[in-house]
Structures are given as structure tokens and as C-alpha cells.
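# Per-entry structural report
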Amino acid sequence: MHYPLLARVGASEFARYEAEHLYRSRWVAGIPMAVEGVSAVLLVARPPEGIPRTWPWIGLALLAGIWASTFLREIPRHRRLARGFDPAVHRALVVGNWRRTVGWSVRAVLALAMLGRASG
């Protein structure tokens, strides 16, 4: 992802850059996250025929973990970085983002498996 590049912005411009990044990301990520949340709940409530009932629950649990990391760890780290670059906070942000990336990747595999079961 692009988070490692934050270390290259430069100290004099970093706080302004990070604040703008946080503001813009809200618009790019907010709508897809809302759609993802609604679809995860709908799959639990009404799983398509042929899909094991546990699969949507696993997807919802993965999403809950991703969102918990996002709202309880990553957003506060971004806010901290918006006050100025801190190498330890930046490192924690990069590691946390990899955990979320793994979660979203597992969800993608699960979604493809559900799609294959539902359409086949």
C-alpha cells in the first residue's frame, strides 16, 4: 500500500499532507465501507442458496475485526501523525494496515467462494 511512502513526505510538509490525506480518505473509503457493511449484514440475514450458513458469519466477523482495527487503531494513528511525523506511529500504522489487508484478502477469497457456490 501507499503508507510506507508517508515517510518520504518531509518534515516541513508532513502534518499538512497527513491532515489532507485523512480528509480525502474519508470520502474514498467511507462509501465502500458502508456498502461492505450493509452487504455483510444482508448475507448473514439472507444467505444465498447453496452457501454454508457459517460463511457469511465468518465474513462479518472478519469485517468487524477490520473495522475495529480501522476505528480503534489506524484512524487514531493517522490523527497522531497529522500533528507531525513520528517514526514509531508510522511503523505501527504500516503494520496495522497489513493486518487489515490480510483480513480484506481473506474476505475476498470467501466472497469468491460464495459467489461460486451461489451461481453454480
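Report follows, based on the coordinates. (Residues numbered from 1 in each chain as written. Predicted model: local features only at pLDDT ≥ 70, side-chain atom pairs only at ≥ 80, totals over all residues. Heavy atoms only, no water.)

### Thoughts on the overall build of the protein
Helix and strand counts for the protein come out as 3 helices and 0 strands. Sequence-ordered secondary structure for the protein, helices as α and strands as β, is α-α-α. Considering only C-alpha atoms, the protein reaches an extent of 55 × 20 × 20 Å along its principal axes. When the 120 residues of the protein are sorted by exposure, 29% land in the buried category. Within the protein, contacts between residues separated by at least 24 positions form 69% of all contacts whose residues are at least 6 apart in sequence. For the protein, the computed accessible surface area is about 7,800 Å², with 67% contributed by carbon and sulfur atoms. For the protein, the separation between the mean place of its 16 positive charges and that of its 7 negative charges on side chains is 4 Å. (Helix = DSSP H or I, 4+ residues; strand = E, 2+ residues; numbered from the N terminus. Buried < 20%, exposed > 50% of the residue type's maximum accessible area, 1.4 Å probe, protein only. Contact = heavy atoms within 4.5 Å. Areas by Shrake-Rupley, 256 points an atom, 1.4 Å probe, with all protein chains shown as cover. Lys, Arg positive; Asp, Glu negative; His and termini not counted. Charge placed at Lys NZ, Arg CZ, Asp CG, Glu CD.)

### Things to note about the nonpolar core
Counting residues in each nonpolar core, the largest one holds 7 residues, listed as Tyr-3, Leu-6, Phe-14, Leu-81, Val-89, Leu-93 and Val-94. Looking at this core element by element, the count peaks at 3 residues for helix α3 (residues 87-119). The residues touching Tyr-3, leaving out its near neighbours within four places in the chain, are His-21, His-78, His-90, Leu-93, Val-94, Asn-97 and Arg-100. (Core = buried A, V, L, I, M, F, W, Y, C linked by side-chain atoms within 4.5 Å.)

### Observations concerning the pattern of salt bridges
Pairs may arise between side chains of opposite charge once their charged atoms sit close together. Summed over the entire model, instances satisfying the criterion amount to 5 salt bridges. Ionic pairing is found between Arg-107 and Glu-36, a salt bridge with its closest N-O pair at 3.2 Å. Placement of the pair is Arg-107 in helix α3 and Glu-36 in helix α1 (residues 11-45), with a sequence separation of 71 residues. By the burial criterion, Arg-107 is buried, and Glu-36 matches it. The residue Glu-74 makes a salt bridge to Arg-77 at a minimum N-O spacing of 3.1 Å. With Glu-74 and Arg-77 both in helix α2 (residues 54-81) and 3 residues apart, the pair spans about one turn of that helix. Overall, Glu-74 belongs to the buried group, its relative accessible area being 1%. (Salt bridge = Lys/Arg side-chain N within 4 Å of Asp/Glu carboxyl O.)

### Concerning the environment of Gly-65
Here Gly-65 is to be found in helix α2. A sequence separation of 38 residues divides Gly-65 from Trp-27, and the C-alpha atoms of the two residues are 21 Å apart.

### Considering the side chain of His-78
By the element assignment, His-78 lies in helix α2. Residue His-78 is classed as buried on the basis of its relative accessible area of 4%. Not counting the four nearest positions on each side in its chain, His-78 is found in contact with Tyr-3, Glu-18, His-21, Leu-22 and Leu-93.

Shape is all these values report; function is a separate question.
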